Amino acid sequence: MDQSGTLDSLLQEERVFRPLPQLVIEANVNPQELEAARRQAETDPLGYWEEAADELDWFKKWDQVLDDSNPPFYRWFAGARCNVVYNALDRHIETGNKNKLALIWEGEPGDSRKYTYYELYREVNRFSNALRSLGLGKGDRVVVYMPPLPETLIAMLAIVKLGAVHSVVYAGFSAKALRSRIRDAEAKMVVTADGFYRNGRVIKLKNTVDEALVGACSDCVDSMVVVHRAKVEVDMVEGRDFWYEDLIRQERSESPTEVMDAQDPLFMLYTSGTTGQPKGVIHAHGGYMVGVHRTLGQVFDIKPTDIFWCTADPGWITGHSSVVYGPLMAGTTTVMYEGHPLYPQADRMWNIVAKHGVTVFYTTPTLIRMLMRFGTQYPKRFDLTSLRLLGTVGESISPEAWLWFYKNIGRSECPLLDTWWQTETGMFMISPLPISLLKPGSVTRPLPGIEAAVVDKDGKPAPPGKGGLLVLTRPWPAMMTGLFKDEDRYKEYWQQVPGGVYFAGDVAKKDEDGYYWIQGRADDVLNIAGHRIGTAELENAFGAHRAVSEAAVIGVPDRIKGEVAKAFILLNPGIEPSDDLNKELKRHIKNELGPVAVVKSIEFRDSLPRTRSGKIMRRVLKAQELGQDVGDLTTLEAD
Ligand code: PRX
């Protein structure tokens with residue numbers, strides 16, 4: 001890439017980075033094709049997505065591309081029959097991909113395993129047969145509480161293959177958080193591991209599941225499958241708990257792929273919202289596979305020789321779409337790493353890139369900020385010339401981090417693709433392609449077929465450069481089909497801004513070139529190291545402690561994690577603030593929610609700012625904390 005502008009003037013936003021001519025020539029989608037796709041998608045959006053669907057295999061094609069007779073309950077590929085696993089696995093066995101590497105996995109201690117598509121196919125079939133023998137069937141929910149292991153990916157595919165629905169829960173969540181997700185999903189089974197390696201330690205998992213199951217629900221989970229990963233002593237409950245290795249030993253390596261309706265649920269994934277209860281986002285087979293396949297192919301320009309490494313944990317949507325389903329549908333080689341990015345030292349990521357010849361490296365701004373602290377000594381020790389594309393997701397990337405990544409990892413040659421999307425969108429929505437002109441910090445423009453806008457609260461378009469609410473104005477294939485057992489909350493996404501548009505929950509601005517700049521959440525959801533967590537979830541967790549009368553939580557900027565939580569606490573009568581209590585409360589939050597919920601500081605207060613109706617004004621706390629103007633205080637209750 002040549003560059004108009006200078007690396008030193010970090011405060012200018014108008015620097016533009018252009019792709020190298022050779023890259024444009026070799027790209028799967030060249031600039032003319034991209035413009036043609038945009039035009040086609042504008043004039044004939046359904047035709048555009050129908051062509052995308054034709055690139056995949058179906059057991060029966062659709063009667064209608066989009067049934068929009070009952071908005072906001074859109075039905076993509078109505079009448080079609082399919083299974084995403086057929087496209088991710090089965091169809092490759094009939095092609096030259098059969099003996100190609102599907103998965104390269106590396107454990108934290110340095111062990112590694114590789115699977116060809118054929119090997120993965122047979123392993124998935126064995127496990128799918130085993131699950132069937134345990135009584136699992138179409139529509140049953142299975143919670144997968146696993147670190148990044150080959151068996152995590154295998155379990156996800158095996159569950160979906162037989163028509164059941166997985167709900168992967170991030171292994172960093174606590175027993176309590178796991179219990180509430182198992183209970184809400186009414187899961188029939190849990191798949192887990194005895195433990196795993198993280199930052200040089202063994203983290204116990206099976207014990208956490210045992211704890212979560214106490215009181216989870218008496219009649220839901222009737223079996224647990226445990227993968228043997230770390231040497232952890234576990235108690236196996238006779239008749240309920242089974243070792244993965246024992247189950248698959250005798251199973252056949254062929255297994256039927258269940259024929260699913262395009263609308264049938266594929267997976268659910270819990271994500272935080274503005275209330276204390278996480279929402280179970282549901283994705284369905286048909287739309288999800290079309291949206292993810294098309295957009296992953298466009299953005300990451302997948303080539304037969306690629307080694308694709310998305311560093312996300314399988315517990316997040318990025319892990320679903322960009323580690324498992326997207327790369328496998330594309331027939332590429334996906335990379336998974338079990339452990340901590342700085343273990344045993346801060347060169348681990350570069351070591352993996354060099355060792356396996358990674359060509360596409362897709363990660364988070366938090367990880368870049370973490371690695372930037374160590375300077376360039378580590379990346380310089382490795383040959384990173386296999387890399388051809390870089391990507392980020394989850395939070396905005398500052399121009400400083402963008403340039404560091406681009407220059408020191410991407411040799412000022414690899415396009416850095418900042419992709420905006422959500423658990424709810426399933427697929428990339430606003431993102432550059434490798435051929436796009438890039439502005440550091442901008443997610444550029446909506447992909448073909450996606451229509452977005454920045455509007456005010458009345459739904460009127462905001463002028464260029466002015467912040468507003470980010471909305472999506474047209475349904476898209478991989479959109480969630482609903483929230484589990486909560487139709488009303490699903491409808492809220494479409495009711496908050498007038499005009500029947502989807503409100504993403506983000507604030508953004510659009511510049512004169514139509515480029516989008518994401519500015520953060522508009523609601524009471526924090527983005528800690530790219531992970532969503534609701535202030536209400538944190539406040540409820542504080543409230544569960546015997547010392548706490550009331551809590552208010554705000555997000556404050558953090559150099560590495562982007563944002564962390566700060567809590568203001570009113571104590572119960574007779575309880576005195578102390579350093580010990582401060583520490584105890586932080587421990588308590590970790591226990592309640594898990595390490596995802598990073599509370600940086602706790603401040604004990606005698607009162608909290610409130611509206612006349614008694615609602616805590618977090619906005620005022622935040623402004624005070626950041627030394628900003630507190631704004632309109634007319635509704636502030638007089639003391
Ligand atoms: O606030 C936006 C932020 O992450 C939110 C979605 O979080 P989640 O559902 O956990 O999915 C994250 C990974 C797809 C969004 O509402 N976000 C996501 N991507 C970006 C981003 N913020 C800025 N820039 C991005 N590229």
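Treat the numbers as computed from the prediction; the structure is a model and nothing was measured.

S.K.: For this particular structure, what's the right way to read the nonpolar core?
M.R.: Among soluble globular proteins, nonpolar side chains are generally buried collectively. Phe127, Leu157, Phe300 and Tyr325 are the most contacted members of the largest nonpolar core, which has 138 residues in total. Per-element tally for this core: the top contributor is helix 6 (residues 150–161), with eight residues. If near-sequence neighbours (up to four positions away) are discounted, Phe300 is found in contact with Asp306, Phe308, Val360, Tyr362, Arg388, Leu389, Leu390, Gly391, Leu417 and Phe428.

S.K.: What is the right way to look at the state of the cysteines in this model?
M.R.: One way to say it: the disulfide is the covalent bond shared by the sulfur atoms of two cysteines. Under the counting rule described, the total for this entry stands at zero disulfides. The thiol of Cys414 is unpaired, and the distance to the nearest cysteine sulfur, on Cys310, comes to 17 Å.

S.K.: Even after reading the chapter, I still don't get empty space enclosed by the protein, so can you show me in this structure?
M.R.: A probe as big as a water molecule, rolled over the atoms, marks out the empty space that is left. Following the criterion strictly, the structure yields two cavities of 30 Å³ or more and no others. Quantified by volume, the largest cavity comes out at close to 80 Å³. As for the largest cavity, its lining consists of 13 residues, and the residues nearest its centre are Trp76, Ala284, Pro477, Met479 and Thr481. Counting only elements with at least two residues in the lining of the largest cavity, the list comes to strand 4 (75–78) and helix 10 (285–300). A class-by-class count of the residues in the lining of the largest cavity yields nine nonpolar, three polar and one charged. Here the second largest cavity is characterised by a volume of approximately 50 Å³. Taken together, Val168, Val169, Tyr170, Phe173, Arg181, Leu269, Tyr270, Gly315 and Trp316 make up the lining of the second largest cavity.

S.K.: Before we go on, may I ask you to explain helix 5 (residues 117–133) in this structure?
M.R.: For an α-helix, 3.6 residues make a turn, and residues three or four places apart therefore share a direction. Compared with the 24 Å implied by 1.5 Å per residue over 17 residues, the 24 Å span of helix 5 between its first and last C-alpha is a close match. Burial in helix 5 covers these residues: Tyr117, Leu120, Tyr121, Glu123, Val124, Asn125, Phe127, Ser128, Asn129, Ala130 and Leu131. Following helix 5 by one or two positions, Gly135 has its phi on the positive side, about 100°.

S.K.: What's the story with the site of the ligand in this structure? I'm lost.
M.R.: As a structural note, the neighbourhood of the ligand is formed by 18 residues, with Asp418, Thr419, Thr423, Arg521 and Arg532 the closest of them. Within the side chain of Asp418, one N or O atom sits 2.7 Å away from a nitrogen atom of the ligand. Compared with its free state, where it exposes 540 Å², the ligand has 96% of that area covered by protein. Only helix 11 (317–329), strand 22 (416–419) and strand 27 (516–521) provide two or more residues apiece to the shell around the ligand.

S.K.: So what exactly am I meant to see when it comes to the packing of aromatic side chains here?
M.R.: Working definition: an aromatic ring pair is given by the centre-to-centre distance plus the angle between the planes. Following the criterion strictly, the structure yields 33 aromatic pairs and no others. Judged by centre distance (6.0 Å) and plane angle (90°), the ring pair of Tyr170 and Phe173 falls under edge-to-face. In terms of burial, Tyr170 and Phe173 fall into one category: buried. Measuring from centroid to centroid gives 5.9 Å for Tyr362 and Phe428, while their planes differ by 80°, and the two rings are edge-to-face. Residue Tyr362 is found in strand 20 (residues 360–363), and its partner Phe428 is found in the loop between strand 22 and strand 23 (452–455); the two are separated by 66 residues along the sequence. Members of the aromatic cluster, each reached through a chain of ring pairs, are Phe73, Tyr74, Trp476, Tyr490, Tyr493, Trp494 and Tyr502.

About the criteria used
Residues numbered from 1 in each chain as written. Predicted model: local features only at pLDDT ≥ 70, side-chain atom pairs only at ≥ 80, totals over all residues. Heavy atoms only, no water. Core = buried A, V, L, I, M, F, W, Y, C linked by side-chain atoms within 4.5 Å. Buried < 20%, exposed > 50% of the residue type's maximum accessible area, 1.4 Å probe, protein only. Helix = DSSP H or I, 4+ residues; strand = E, 2+ residues; numbered from the N terminus. Contact = heavy atoms within 4.5 Å. Disulfide = S-S within 2.5 Å. 1 Å grid on protein atoms, 1.4 Å probe; cavity = no way out; pocket = protein on both sides within 12 Å on 5 of 7 lines; lining within 4 Å. Points joined across faces, edges and corners; volume = space filled by probe spheres on them. Nonpolar A, V, L, I, M, F, W, Y, C, P; charged D, E, K, R; others polar. Expected span 1.5 Å × (residues − 1). Near = heavy atom within 4 Å. Polar contact = N/O pair within 3.5 Å; in protein donor to acceptor, adjacent residues only side chain to side chain. Areas by Shrake-Rupley, 256 points an atom, 1.4 Å probe, with all protein chains shown as cover. Phe/Tyr/Trp six-rings, centres within 6.5 Å; stacked < 30°, edge-to-face > 60°.

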